[in-house]
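Listed below, chain by chain, are the residues.
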Amino acid sequence: MYDPSHLRTFLSVAQTLSFTQAARRLGLRQSTVSQHVRRLEGATGRQLFSRDTHSVELTEDGEAMLGFARRILEVHEQATVFFTGTRLRGRLRFGASEDFVLTRLPEILEGFRHEHPEVDLELTVELSGTLHEQLAAGKLDLVLAKRRPEDPRGEPVRRDRLVWIGAERLRVDPDRPVPLIVYPPPGITRALALEALRRQGREWRVACTSGSLNGLIAAARAGLGVMAHSRGLVPPGLVRVPERAGLPELGRVDFVLVHGRRHPSARGAADALASAILAGGDRLHRPRSAGLG
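What counts as what
Residues numbered from 1 in each chain as written. Predicted model: local features only at pLDDT ≥ 70, side-chain atom pairs only at ≥ 80, totals over all residues. Heavy atoms only, no water. Helix = DSSP H or I, 4+ residues; strand = E, 2+ residues; numbered from the N terminus. Rg over C-alpha atoms; globule rule 2.2 N^0.38 Å. Buried < 20%, exposed > 50% of the residue type's maximum accessible area, 1.4 Å probe, protein only. Contact = heavy atoms within 4.5 Å. Areas by Shrake-Rupley, 256 points an atom, 1.4 Å probe, with all protein chains shown as cover. Lys, Arg positive; Asp, Glu negative; His and termini not counted. Charge placed at Lys NZ, Arg CZ, Asp CG, Glu CD. Core = buried A, V, L, I, M, F, W, Y, C linked by side-chain atoms within 4.5 Å. Pairing = 2+ DSSP bridges. Right-handed = clockwise from strand over helix to strand, strands pointing away. Axes fitted to C-alpha atoms, helices over the stretch in contact; angles between N-to-C directions. Parallel < 35°, antiparallel > 145°, perpendicular 65-115°, else oblique. Nonpolar A, V, L, I, M, F, W, Y, C, P; charged D, E, K, R; others polar. Expected span 1.5 Å × (residues − 1). Arc of directions from axis to C-beta.

A. Up close: the overall build of the chain. Along the backbone of the chain there are nine helices and 11 strands. A compact globule built from 293 residues would reach a C-alpha radius of gyration of about 19 Å, and the chain, at 20 Å, matches this within 12%. Along the three orthogonal principal directions, the C-alpha set of the chain runs to about 65 × 45 × 35 Å. Residues classed as buried in the chain amount to 48% of the 293 residues present. The long-range share in the chain, meaning contacts at least 24 apart out of those at least 6 apart in sequence, stands at 77%. As presented, the chain carries roughly 14,500 Å² of accessible surface, and 48% of it is formed by carbon and sulfur atoms. With 43 positive and 34 negative side-chain charges, the chain shows a spacing of 1 Å between the two charge centroids.

B. Focus on the nonpolar core. The biggest cluster of nonpolar side chains holds 44 residues, and the ones touching the most others in it are Leu144, Trp164, Val226 and Ile277. Listed by contribution, the elements that provide at least two residues to this core are β3 (90–97), α5 (105–115), β5 (142–146), β6 (155–166), β7 (178–182), α7 (188–200), β11 (252–259) and α9 (264–279). Per element, the largest residue contribution to this core is seven residues, and it comes from α9. Beyond its immediate sequence surroundings of up to four residues, Val226 is in contact with Trp164, Ile165, Leu170, Val172, Val178, Pro179, Leu180, Ile181, Val241 and Leu247. Of all hydrophobic cores here, the second largest spans 19 residues; its members include Val13, Ala14, Phe19 and Phe49.

C. Quick look at the pairing of strand β8 (residues 204–209). Sheet topology note: the β7/β8 ladder contains five bridges and is parallel. Across the sheet, the residue bridging to Ile181 is Cys208, located in β8. As a crossover connection, the stretch from β7 through α7 into β8 is right-handed.

D. The arrangement of the environment of Leu28 in detail. Structurally, Leu28 is set in the loop between α2 (19–26) and α3 (30–44). Expressed as a C-alpha distance, the spacing of Leu28 and Thr9, which sit 19 residues apart in the sequence, is 9.4 Å. Not counting chain neighbours up to four residues away, the residues in contact with Leu28 comprise Thr9, Ala23, Val33 and His36.

E. Focus on helix α6 (residues 128–136). Residues of α6 that are buried: Ser128, Gly129, Thr130, Leu131, His132 and Leu135. In this structure, the buried side of α6 is in contact with β3, β4 (119–126), β5, α7 and β11. One or two positions beyond α6, positive phi appears at Gly138, with a value near 80 degrees.

F. Focus on the side chain of Gln21. Tracing the sequence through the fold places Gln21 in helix α2. For Gln21, a relative accessible area of 11% gives the class buried. The residues contacting Gln21, other than those within four sequence positions of it, are Thr16, Pro156 and Arg159.

G. The packing of α2 against α3, seen in detail. One way to put it is that α2 packs onto α3 with a least axis distance of 8 Å and a crossing angle of 105 degrees. With respect to α3, the axis of α2 lies roughly perpendicular. Across from Phe19, Thr20, Ala22 and Ala23 in α2, the residues of α3 making contact are Gln30, Val33, Ser34 and Val37. Looking at the contact of α2 with α3, its residues break down into five nonpolar, three polar and no charged.

H. Summary view of α3. Taking 1.5 Å of rise per residue, 15 residues should cover 21 Å, and α3 covers 21 Å from first to last C-alpha, within 8% of that figure. Within α3 the residues assigned to the buried category are Val33, Ser34, His36, Val37, Leu40, Glu41 and Thr44. Projected down its long axis, α3 shows its buried positions confined to an angular sector of 160 degrees, all on one face. For α3, the exposed residues lying more than 90 degrees away from the buried face are Arg38 and Gly42.

Structure follows, in structure tokens:
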């Protein structure tokens, strides 16, 4: 009833909220992407996206289809692996940014380990900037991280807006330097936050520095200051800082998958994990109570 190619296209559009980016990711024409979505909407009898010339958003039925599409594609992949007898082996060094510590990424990794038990998966959780450096140095095979604004590389997994967040009772005094809770260099979010404050001419001071997302969250919950964070990944216990605080706009950020140097032993495993992450990308929007380990 539901064509796997149409489901993959649907997931790409849902994750990027862009028919253009989905077409680029899948190597298709934009007209083909639109056709796949129309055919899937025809098969379901429901509208899955509300769209105009400026934006693309999932409808309520589209949100429901996310889970169904992911599960259908997972079963399709399982059947393909079973009947073709494909067995991936080797060592795969995967890096994930701190941003995904509180999401359901562990479920995607668990599913990958179940499907490919002979792959030795090594996980590194670090700042996005550090992961890009390790990838360039040949220390990682695949990275899921934020993309620097000037960097065109990487396959988009999702796009989000950066916002200022903090404790609900926190009040930012416009006459005093902004108290910042930040990652250390080379954190990409840190760089974007400081650049936005400089453009506005707003004074700031570092109230807390931590390389751990849990450390930043603890400081923010204690009311030490504000932090820049992905709008779709706001941790429990924290809220967006009201506009009346006068903090500058932070812009959008892309989360991407980037492959490293193609070591033959890791190539197939890296491709398989990248496919699993792209297929299950909706899980990366959802917070979870526990971390990656």
